[in-house]
2 protein chains.
Amino acid sequence: MDVRFVNPVLDSIINVLSTMANMTPEPGALSIKEDTHALGVVTGVIDFKGPNEHVSTAISFSKHVALEITERMLRTRPDDIDEIVEDLVGEISNMMAGGAKGKLEAEGYDFELTLPSVATGENHEVPHRIEGKTILLPFKTDAGEFFVEIRSN
Amino acid sequence: MDVRFVNPVLDSIINVLSTMANMTPEPGALSIKEDTHALGVVTGVIDFKGPNEHVSTAISFSKHVALEITERMLRTRPDDIDEIVEDLVGEISNMMAGGAKGKLEAEGYDFELTLPSVATGENHEVPHRIEGKTILLPFKTDAGEFFVEIRSN
């Protein structure tokens, strides 16, 4: 498990959602996630590739949180998870990973980021591209829950 | 020409870039743009569709501004305009249009937004989907210039 990633990712997603969606996520207790299914209905994944390591981060939103973030950021509220929401979740994944990469660089670690992959649907598989142990970080917001996963090889 | 759009679009893009990229765009003088080519190297277009009108908004960034915004928002700086930058410009177009839609709604106007189209390259055609007169709004930032177009049928 790559616990170096926990605080940078946590700080980054709180910063992104508070700045851009006027949302104050409250982190819950860390755990190990054995199941490979997503806990939300729309999930963005980005990988951090270093010289010797490969870490995959995912962010999975409940429908209500995803639609609420879309409404707050884009002033439009689709009825369901559509391409607008998927693209926005991809971009939020980018910003979460970018913020974490910046914090890790400040600590002397250098990673390349991949483009985001987005998957949707009830009970979909999280599209991690590596096998490994997964740390689960749950968050509560005024609009409901979302979940961050950090998997490392 | 649909001058209703000028202030909502202008306020929205200043808000998006100041909040998300710590950039303070200074608007220049309005003009009518006759040429159909983009003034930047990466351009996002979103349409506003109302019951009787169709307005197309574009935002076109110089390479330096596009890379600088990418670095500030995603903490990664590609060497050139790549898929990361294109996706981000699409999402900035979404946010600019979403913010303007919210302001227009507050004034009693209701529009549906389309998904963004993004085009790149030196001297590319702005991918407007309608014909009509085009208002040009130039902006200066600490990183260089960008340009907003508002075309109405």
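Scoring rules and cut-offs
Residues numbered from 1 in each chain as written. Chains lettered and ligands numbered in written order. Predicted model: local features only at pLDDT ≥ 70, side-chain atom pairs only at ≥ 80, totals over all residues. Heavy atoms only, no water. Helix = DSSP H or I, 4+ residues; strand = E, 2+ residues; numbered from the N terminus. Rg over C-alpha atoms; globule rule 2.2 N^0.38 Å. Buried < 20%, exposed > 50% of the residue type's maximum accessible area, 1.4 Å probe, protein only. Contact = heavy atoms within 4.5 Å. Areas by Shrake-Rupley, 256 points an atom, 1.4 Å probe, with all protein chains shown as cover. Lys, Arg positive; Asp, Glu negative; His and termini not counted. Charge placed at Lys NZ, Arg CZ, Asp CG, Glu CD. Buried area = accessible area lost by both parts, 1.4 Å probe. Salt bridge = Lys/Arg side-chain N within 4 Å of Asp/Glu carboxyl O. Patch = residues over 30% accessible without salt bridge, like charges linked within 9 Å, V, L, I, M, F, W, Y side chains within 5 Å. Pairing = 2+ DSSP bridges.

Considering the overall build of chain A
Okay, step 1: Helix and strand counts for chain A come out as three helices and eight strands.
Okay, step 2: Shown N-terminal to C-terminal, the secondary structure of chain A runs as helices and strands in the order α-β-β-β-β-α-α-β-β-β-β.
Okay, step 3: Relative to a compact globule of 153 residues, whose C-alpha radius of gyration would be 15 Å, chain A shows 14 Å and is just as compact.
Okay, step 4: Per-residue burial over chain A gives 55% buried out of 153 residues.
Okay, step 5: For chain A, the proportion of contacts with a sequence separation of at least 24, taken over those separated by at least 6, is 66%.
Okay, step 6: Counting only carbon and sulfur atoms, one obtains 46% of the accessible surface of chain A, whose full area is about 6,500 Å².
Okay, step 7: Positive and negative side-chain charges of chain A, numbering 13 and 26 respectively, have mean locations separated by a distance of 3 Å.

What to know about the interface of chain A and chain B
Okay, step 1: Taken together, the contacts link 18 residues of chain A with 18 residues of chain B.
Okay, step 2: Between chain A and chain B the total buried area reaches about 1,700 Å² when both faces are included, carbon and sulfur atoms providing 65% of it.
Okay, step 3: Per-residue buried area on chain A facing chain B is highest for Arg75, Glu91 and Leu115 of chain A; these three make up 31% of the total on that side.
Okay, step 4: Here chain A and chain B share zero salt bridges between them.

Structural notes on a negative patch on the surface
Okay, step 1: On the surface, Glu83 and Asp87 of chain A together with Glu83 and Asp87 of chain B cluster together into a patch of negative charge.
Okay, step 2: Locating aspartate 87 of chain B in the fold gives a position in helix α3 (residues 83-106).
Okay, step 3: A relative accessible area of 32% means that aspartate 87 of chain B is categorised as partly exposed.

Regarding the pairing of strand β4 (residues 54-61) of chain B
Residues and elements named next belong to chain B.
Okay, step 1: With eight of its eight residues buried, β4 lies for the most part within the structure.
Okay, step 2: Here β4 shows two buried faces, one formed by His54, Ser56, Ala58 and Ser60 and the other by Val55, Thr57, Ile59 and Phe61.
Okay, step 3: Relative to β4, strand β3 (residues 42-49) is paired through eight bridges, and the arrangement is antiparallel. The residue bridging lysine 49 from the neighbouring strand is histidine 54, located in β4.
Okay, step 4: A loop of four residues connects β3 with β4, the two strands running antiparallel in sequence.
Okay, step 5: Across seven bridges, β4 lies against strand β8 (residues 144-152) in antiparallel orientation. Residue pairing across strands places serine 56 opposite arginine 151, the latter belonging to β8.

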